[in-house]
Amino acid sequence: MPSDDDSSDDESAVPSSLLPREVRLPGSQKAVLDAIGDQAKYIGPIGAGSVAKLVHNAAGYTIQAALAALVRDDIVSRDGRRYVVVDSLLREWIARRTF
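To start, this report covers the structure provided alongside it. Worth saying up front: this structure is predicted, and the values here are computed from it rather than measured. (Residues numbered from 1 in each chain as written. Predicted model: local features only at pLDDT ≥ 70, side-chain atom pairs only at ≥ 80, totals over all residues. Heavy atoms only, no water.)

## Description of a nonpolar patch on the surface
Okay, so step 1: Judged by side-chain polarity, Val-23, Leu-25, Val-32, Leu-33, Ile-36 and Tyr-42 come together as a nonpolar surface patch covering roughly 520 Å² of accessible area.
Okay, so step 2: Among the structural elements, Val-23 can be located in the segment before α1 (27-36). (Patch = residues over 30% accessible without salt bridge, like charges linked within 9 Å, V, L, I, M, F, W, Y side chains within 5 Å. Areas by Shrake-Rupley, 256 points an atom, 1.4 Å probe, with all protein chains shown as cover. Salt bridge = Lys/Arg side-chain N within 4 Å of Asp/Glu carboxyl O. Helix = DSSP H or I, 4+ residues; strand = E, 2+ residues; numbered from the N terminus.)

Take a look at the structure:
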């Protein structure tokens, strides 16, 4: 049983296949990935990218659902592609940066 005062960062508890590693690509492959997206990164072994995509999609859906609820409750309104804070108390809270 580990003690509370054991502050060593023992990476042996994590399988080496899950630890981040640097992957070097030939320049032509890296150029193609950079042309497709601005932040191409190695996520992990096969299957890890699928998990990352699911997490990304879930986060996006959560944000969309939260914005829809704020619009429904007249706290924010949609102005074209932008959202505008309608509620004066929320606007003041954001302006003061007290969050």
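That shown, we press on.
## Let's talk about the pairing of strand β1 (residues 76-79)
Okay, so step 1: With 4 bridges connecting them, β1 and strand β2 (residues 82-85) associate as antiparallel partners. In the strand pairing of β2, Val-76 is matched with Val-85.
Okay, so step 2: Counting the residues that bridge the hairpin from β1 to β2 gives 2 residues, and of these Gly-80 lies at a positive phi of roughly 70°. (Pairing = 2+ DSSP bridges.)

## What to know about the environment of Val-23
Okay, so step 1: By relative accessible area, which is 38% here, Val-23 ends up partly exposed.
Okay, so step 2: In the structure, Val-23 is positioned 21 residues away from Gly-44 in sequence and 9.9 Å away in space, judged by C-alpha atoms. (Buried < 20%, exposed > 50% of the residue type's maximum accessible area, 1.4 Å probe, protein only.)

## Quick look at the environment of Ser-77
Okay, so step 1: Examined against the element boundaries, Ser-77 turns out to sit in strand β1.
Okay, so step 2: Assessed through its relative accessible area of 29%, Ser-77 is described here as partly exposed.
Okay, so step 3: Each residue touching Ser-77, except ones within four places of it in the same chain, is listed here: Arg-82, Tyr-83, Val-84 and Val-86. (Contact = heavy atoms within 4.5 Å.)

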